[in-house]
Amino acid sequence: LARAPFETAMNPVKLLPILAFIAQIPVPSQEYANDFVELCSGEGHLTRALWAHGFHGKAFDVNYSKNHDFLRTVGFIAVLLAVRNTKKGGMLFVAP
């Protein structure tokens with residue numbers, strides 16, 4: 001059976017045009033950028049605590065969606081965009 005594109009492993013050569021496209025997307029103003037990004041967020045306790053304190057950010061975990069698997073193309077692109085759209089001095093949390 002053929003897998004859907006979001007379920008296939010990344011092919012670095014095929015990512016080059018996607019990365020070139022992402023590089024063309026304007027970075028949002030600091031007012032709208034993420035304060036943090038959390039990868040492998042699990043239950044999301046850290047993200048919810050940061051949201052409760054007024055921070056804006058994104059949480060990624062395969063428990064939320066298969067598309068959050070950053071070892072796959074769609075997840076990698078989503079994480080890359082979220083990190084790219086993080087404020088200067090923003091926070092990146094990565095769990096093992």
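Whatever comes next refers back to the structure up there.
Keep in mind it's a predicted model, so treat the numbers as computed, not measured.

> Sorry, what's going on with a nonpolar patch on the surface here?
Taken together, the side chains of V83, L92 and V94 present a nonpolar region at the surface, about 250 Å² in accessible area. Overall, the relative accessible area of 35% leaves V83 in the partly exposed class.

> Sorry, what's going on with the environment of L80 here?
With respect to the element layout, L80 can be found in helix α3 (residues 73-84). Sequence separation between L80 and F70 is 10 residues, and the spatial gap between their C-alpha atoms is 8.8 Å. Ignoring sequence-local partners within four residues, the contact set of L80 consists of L19 and I22.

What counts, and at which threshold
Sequence positions are assigned chain by chain, starting from 1 and proceeding in written order. Given that this is a predicted model, residues contribute local features only at a pLDDT of at least 70 and side-chain atom pairs are listed and counted only at 80 or more, while totals for whole chains, interfaces and linings are drawn from all residues. As a rule here, side-chain values come from all non-hydrogen atoms in the structure, and water together with hydrogens is ignored. Patch construction takes residues with relative accessible area above 30% that form no salt bridge. Like charges are linked within 9 Å, and nonpolar side chains (Val, Leu, Ile, Met, Phe, Trp, Tyr) are linked within 5 Å. We get accessible surface area from the Shrake-Rupley algorithm with a probe of 1.4 Å; when it comes to residues, only the shown protein chains can shield them. Definition used for salt bridges: Asp or Glu carboxyl oxygen within 4 Å of a side-chain nitrogen of Lys or Arg. Remark: exposure states derive from per-residue accessible area (1.4 Å probe, protein chains only) relative to the maximum for the residue type, with buried under 20%, exposed over 50%, and partly exposed in between. Under the DSSP-based scheme used, a helix requires at least four consecutive residues in state H or I and a strand at least two consecutive residues in state E, with every element numbered from the N terminus. We call two residues in contact when some of their heavy atoms are within 4.5 Å.

Note that all results are geometric; they support no functional claim without further evidence.
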